[in-house]
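# Examining the three-dimensional arrangement
Single-letter residue listing:
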2 protein chains.
Amino acid sequence: MASPTTDALVQLSFVIQSRLSDLASSRDLSLTQLRMLGVLRDRRPTMQDLAGHLGLTKSSLTGLIDRAEQRSLVVRTPDASDGRTVRVELTELGRSLAAEGTVAMNDAMDALLEPLSASDRKVLHRVAVRLAEAGQEQA
Amino acid sequence: MASPTTDALVQLSFVIQSRLSDLASSRDLSLTQLRMLGVLRDRRPTMQDLAGHLGLTKSSLTGLIDRAEQRSLVVRTPDASDGRTVRVELTELGRSLAAEGTVAMNDAMDALLEPLSASDRKVLHRVAVRLAEAGQEQA
DNA sequence: TATTGTTATACTCTATAACTATA
DNA sequence: TATAGTTATAGAGTATAACAATA
């Protein structure tokens, strides 16, 4: 048997992912696309950097950006200083979808956390920050 | 901007999913297949029930079980009392993989939680149980 | 008629390997 | 040669709609 804490944490992560997935697909986005839009809100990365942020190979990213570009969510722009490099940025449409997605995410998480006491929320916040940092460093 | 708590929780869920994914793919399983094996550890469900547990359509499940059956992880068995119904159960190989996966999951979660104090773990446990329950009821 | 499951089809996501263009 | 990105190819996962078999 899985330990009770393992089980609860894993289940919670599936609950969160499922909320995010629903929220994305109600806007005809995949979860990967929603993450990608989120990353681009404050960056104009190269293809390779973006692949790194999302944990994808460069060829996977090519396809992802192809589909997003077809939908006018992002554009590829040449890099002035290196002819091999391509930078990706949001279009206006992409930016508004990204902003909308962020609001929806906050609402969904607020709803999920609603049953918790203020002190539990505080602890959860602190613990989540710490674990997320530790987890991403290791990866 | 996403609220700090939303951000941390969402990131944490991605960290957990990524750990689980790694753990699954090191055994040549997808995360969905690993979940499916976990569900079958203590059930012998119909195709439809299993689809419900995993949040998939019946046709998606047909493909998933086709692939798992080709790898001898599960078997389809006819239901004695209803000729339309198919039940799915683990093979010995599937059962040992499922058990191994559970152990690996516990180890991975223990490693992730290692930096937390005992009291933080206690709160996290209680909160995760509560949120996971609430989240799954709603779904 | 209603239910259970499969098939046909299509699309997204992902990867590996080979390729092109630039440095 | 090395790096950035794309293309070719393949397979998993997912869904919708049409179908077959059973109830």
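The paragraphs below set out a description of the structure included in this document.

## Examining the protein's contact with DNA strand C
Neighbouring DNA strand C are 22 residues; A:S30, A:S59, A:S60, A:G83 and B:Q48 lie closest to it. Here, DNA strand C places atoms within 4 Å of the protein, and 68% of those atoms are sugar or phosphate. The separation between a phosphate oxygen of DNA strand C and a polar side-chain atom of A:S60 is 2.6 Å. When contributions to the surface near DNA strand C are tallied by element, the ones reaching two or more residues are α2 (31–40) and α4 (58–70) of chain A together with α3 (47–54) and α4 (58–70) of chain B. Looking at the surface near DNA strand C, the element that brings in the most residues is α4(A), giving four residues.

## What to know about the packing of aromatic side chains
Under the counting rule described, the total for this entry stands at zero aromatic pairs over all chains. Over the ring of B:F14 we find A:R35, and its NZ or CZ is 4.5 Å from the ring centre.

## Brief notes about the packing of helix α1 (residues 4–25) of chain A against helix α5 (residues 92–113) of chain A
Residue and element names in this part refer to chain A. One can describe the packing of α1 onto α5 by two numbers: an axis separation of 10 Å at closest approach and a directional angle of 140°. Viewed along their axes, α1 and α5 adopt a mutual orientation that is oblique. At the point where α1 passes α5, the crossing takes the right-handed sense. Judged by residue contacts, L12, V15, I16, R19, L20 and L23 of α1 engage G101, A104, M105, A108, M109 and L112 from α5. Considered class by class, the residues forming the contact of α1 with α5 number 10 nonpolar, one polar and one charged.

## Section: the nonpolar core
Ranked by internal contacts, the top residues of the largest apolar core, which has 86 residues, are A:M36, A:V74, B:M36 and B:V74. When near neighbours in sequence (up to four residues on either side) are disregarded, A:V74 contacts A:M36, A:L37, A:L40, A:I65, A:A68, A:E69, A:V88, A:E89, A:L90 and A:T91.

## Looking at the relation of the copies chain B and chain A
Laying chain B over chain A is done by rotating through 180° and shifting 0.0 Å along the axis; what remains is an RMSD of 0.0 Å. Within this description, the copies of the chain are treated as partners about a two-fold rotation axis. Residue B:S13, judged by its C-alpha, is the member of chain B lying nearest the rotation axis, at 2.3 Å.

## Looking at the interface of chain B and chain A
Each partner contributes to the interface: chain B provides 43 residues, whereas chain A provides 43 residues. Taken together, the two surfaces of chain B and chain A that pack against each other cover about 4,300 Å², and 69% of this comes from carbon and sulfur. Where chain B touches chain A, the interface holds two salt bridges. Along the contact surface separating chain B from chain A lie 13 residue pairs in polar contact (both at pLDDT 80 or more). Elements represented by at least two residues in the side of chain B that touches chain A include exactly α1 (4–25), α2 (31–40), α5 (92–113) and α6 (118–138) of chain B. Class assignment of the residues belonging to the side of chain B that touches chain A gives a composition of 25 nonpolar, 12 polar and six charged.

## Focus: the pattern of salt bridges
Under the criterion given, the structure shown has 16 salt bridges over all chains. Among the ionic pairs, A:R43 bridges to A:D42, the shortest N-O distance being 3.2 Å. You can call A:R43 partly exposed: its relative accessible area is 36%. Note that B:R84 and B:D82 form a salt bridge whose closest N and O atoms lie 3.0 Å from each other. What makes B:D82 partly exposed here is its relative accessible area of 23%. The network of salt bridges with common partners includes A:D66, A:E69 and A:R76.

## Some remarks on the protein's contact with DNA strand D
Neighbouring DNA strand D are 22 residues; A:Q48, B:S30, B:S59, B:S60 and B:G83 lie closest to it. Considering the 4 Å shell around the protein, atoms of DNA strand D inside it are sugar or phosphate in 66% of instances. Take A:R76: an N or O atom from its side chain is 2.9 Å from a phosphate oxygen of DNA strand D. Between DNA strand D and B:T32, the relevant distance is 3.5 Å, taken from a phosphate oxygen to a side-chain nitrogen or oxygen of the residue. With four residues, α4(B) is the single largest residue contributor to the surface near DNA strand D.

## Some words on unusual backbone geometry
Residue and element names in this part refer to chain B. We note that D28 has phi near 60°; this positive angle belongs to a residue other than glycine. Here D28 shows up in the loop between α1 and α2. For D28, a relative accessible area of 61% translates into the label exposed. Its identity as a non-glycine residue notwithstanding, S72 has a phi of 60°, on the positive side. Assignment of secondary structure puts S72 in the loop between α4 and β1 (74–78).

Reading the values: rules and limits
Residues numbered from 1 in each chain as written. Chains lettered and ligands numbered in written order. Predicted model: local features only at pLDDT ≥ 70, side-chain atom pairs only at ≥ 80, totals over all residues. Heavy atoms only, no water. Near = heavy atom within 4 Å. Polar contact = N/O pair within 3.5 Å; in protein donor to acceptor, adjacent residues only side chain to side chain. Helix = DSSP H or I, 4+ residues; strand = E, 2+ residues; numbered from the N terminus. Phe/Tyr/Trp six-rings, centres within 6.5 Å; stacked < 30°, edge-to-face > 60°. Lys NZ or Arg CZ within 6 Å of the ring centre and 35° of its normal. Axes fitted to C-alpha atoms, helices over the stretch in contact; angles between N-to-C directions. Parallel < 35°, antiparallel > 145°, perpendicular 65-115°, else oblique. Left-handed = near helix turned anticlockwise from the far one by under 90°. Contact = heavy atoms within 4.5 Å. Nonpolar A, V, L, I, M, F, W, Y, C, P; charged D, E, K, R; others polar. Core = buried A, V, L, I, M, F, W, Y, C linked by side-chain atoms within 4.5 Å. Buried < 20%, exposed > 50% of the residue type's maximum accessible area, 1.4 Å probe, protein only. Least-squares fit on C-alpha atoms with pLDDT ≥ 70 in both. Buried area = accessible area lost by both parts, 1.4 Å probe. Salt bridge = Lys/Arg side-chain N within 4 Å of Asp/Glu carboxyl O.

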